[in-house]
Amino acid sequence: MTAHILLINPNSSQATSSMMLAIAERAVTGRLAVAVATAKRNPPMIVTPQQLTAAADEVIEIGAAHDDSCLGIIVSAFGDPGLADLKAGVDIPVVGICEASMIEAARGGRKFGVATTTPELIEAIDDRARDLGLVGQYTGIRCTPGDPLALAGDEKRLREALGEAVRQCIELDGAEAVIIGGGPLGQAAEQLQPHFATPIIAPIPCAVERVLDLMRVNA
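Quick caveat, the model's predicted, so the values are computed rather than measured. (Residues numbered from 1 in each chain as written. Predicted model: local features only at pLDDT ≥ 70, side-chain atom pairs only at ≥ 80, totals over all residues. Heavy atoms only, no water.)

Some points on the sheet that holds strand 6 (residues 138–143)
Strands sit in the order 6-5-7-8 across an open sheet of four strands; the sheet is parallel. What marks the edges here is a single partner per strand, and that holds for strand 6 and strand 8 (200–201). Pairing analysis gives four bridges linking strand 5 (residues 112–116) to strand 7 (residues 177–180), with the strands arranged parallel. Bridge assignment links Phe 112 to a residue of strand 7, and that residue is Ala 177. Across the sheet, helix 4 (residues 97–105) lies against strand 5, strand 6, strand 7 and strand 8, angled at about 170 degrees from strand 7, the strand it touches most. Contacting strand 5, strand 6, strand 7 and strand 8, helix 7 (residues 155–171) crosses the sheet at an angle of about 160 degrees to strand 5. (Pairing = 2+ DSSP bridges. Helix = DSSP H or I, 4+ residues; strand = E, 2+ residues; numbered from the N terminus. Contact = heavy atoms within 4.5 Å. Axes fitted to C-alpha atoms, helices over the stretch in contact; angles between N-to-C directions.)

Description of helix 4
Along helix 4, seven of the nine residues are buried, which leaves the element largely enclosed by surrounding structure. Of the positions making up helix 4, those classed as buried are Ile 97, Cys 98, Glu 99, Ala 100, Ser 101, Met 102 and Ala 105. (Buried < 20%, exposed > 50% of the residue type's maximum accessible area, 1.4 Å probe, protein only.)

So this is what it looks like as structure tokens:
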């Protein structure tokens, strides 16, 4: 295979993998190929802390099995499952979409929040801000109401609900940038930016840029 970035989808949905691959390919703008690998043992959409923890093992397995033409890896679930262990176990750059988007959102000292659909993962996402040393700039999370799986299946309703969560992050919490928190929400992240003057941070493009930057540093 030609030189590429490997995007790992810790969710088991092939449709989500196809959507995330398309976003990554647009973000990479021909600089490198992108391959995608989809988990098989995890649910179609990770929505609980238990599912997030369980996803880590397969992420590590997929990443560790990369071939010599793989120059960097993206873990494309917002809780960054398996990220630390995968970083420690391979000798190429590995980034998580939560990690990358929080670093980008915090750039220049900005206060940032997260709009997402998975209330059960609030603590796990809060932990990522703490682990990255960004708690002082982190304004917290606003979640959409209702079942995240049902919402994910209705593109218009998803976009509207996330838009309201973004508005709350900005108007109620004082966020100067808002991350759309989830790999499966990547398409909604792209669609929402035109509706806000505040930067809307799309995690997958952030991860693409970060892994490319790290590859240049390590070259």
